[in-house]
Amino acid sequence: QVQLVESGGGLVQAGGSLRLSCAASGRAFSSYGMGWFRQAPGKEREFVGAINRSGGSTYCADSVKGRFTISRDNAKNTVYLQMNSLKPEDTAVYYCAASLILRIGVQMNDYDYWGQGTQVTVSS
């Protein structure tokens, strides 16, 4: 089992940047593929991006491609989401999640463990 704690959220103006972190504890972090999802008020939780176990492969949703970057540091048991050129429509609670499947997961049910989320608010 793994426990996930997100941090780094906050209020930022449109065009700004934030870096989210997700610290993992418990079973070997490098055993998990990691993903980021977000949920805006009144909307379903949606996939943002994911990274494989080694960090050698990433995949991002079209809505954030070119603006968001996912990375991980297995020595620090941490995955990051670097968000640049933020837009008001990026406002949401951002969740990290851990997956035991071998491929990069893009659906919620690909993931076994979830963090509690961190709020990101982008003002116009």
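Our structure's up above, just so we're on the same page.
Read on for an overview of the structure. (Residues numbered from 1 in each chain as written. Predicted model: local features only at pLDDT ≥ 70, side-chain atom pairs only at ≥ 80, totals over all residues. Heavy atoms only, no water.)

Section: the pairing of strand 7 (residues 68–73)
The alternating pattern of strand 7 places F68, I70 and R72 on a buried face, while none of T69, S71 and D73, on the opposite face, is buried. Bridge count between strand 7 and strand 8 (residues 78–83): 6 bridges; the pairing is antiparallel. Residue I70 lies in a different strand from strand 8, and its bridge partner there is L81. With antiparallel pairing between neighbouring strands as the criterion, strand 7 and strand 8 make up a hairpin whose turn holds 4 residues, including N77 at a positive phi of roughly 55°. (Buried < 20%, exposed > 50% of the residue type's maximum accessible area, 1.4 Å probe, protein only. Helix = DSSP H or I, 4+ residues; strand = E, 2+ residues; numbered from the N terminus. Pairing = 2+ DSSP bridges.)

With respect to the sheet that holds strand 8
On the basis of which strands lie adjacent, the open sheet formed by 4 strands has the order 1-3-8-7 and antiparallel pairing. Each edge of the open sheet is held by one strand with a lone partner, namely strand 1 (2–7) and strand 7. Taking the axes of each pair of neighbouring strands and ignoring which way they run, one obtains an average angle of 15° across the sheet. Two elements, strand 1 and strand 3 (residues 18–26), share 6 bridges in a ladder whose sense is antiparallel. Across the sheet, residue S7 finds its bridge partner in strand 3, namely S21. (Axes fitted to C-alpha atoms, helices over the stretch in contact; angles between N-to-C directions.)

Here's the deal with the pairing of strand 5 (residues 46–51)
The buried fraction of strand 5 is high, at 5 of 6 residues. Where strand 4 (residues 33–39) meets strand 5, 5 bridges bridge the pair, whose relative direction is antiparallel. Within the sheet, the bridge partner assigned to M34 lies in strand 5 and is I51. If you look at the hairpin formed by strand 4 and strand 5, you'll find 6 residues sitting between the two strands, and G42 has a positive phi there, around 80°. Across 3 bridges, the pairing between strand 5 and strand 6 (residues 58–60) is antiparallel. Bridge pairing links I51 to T58 in strand 6.

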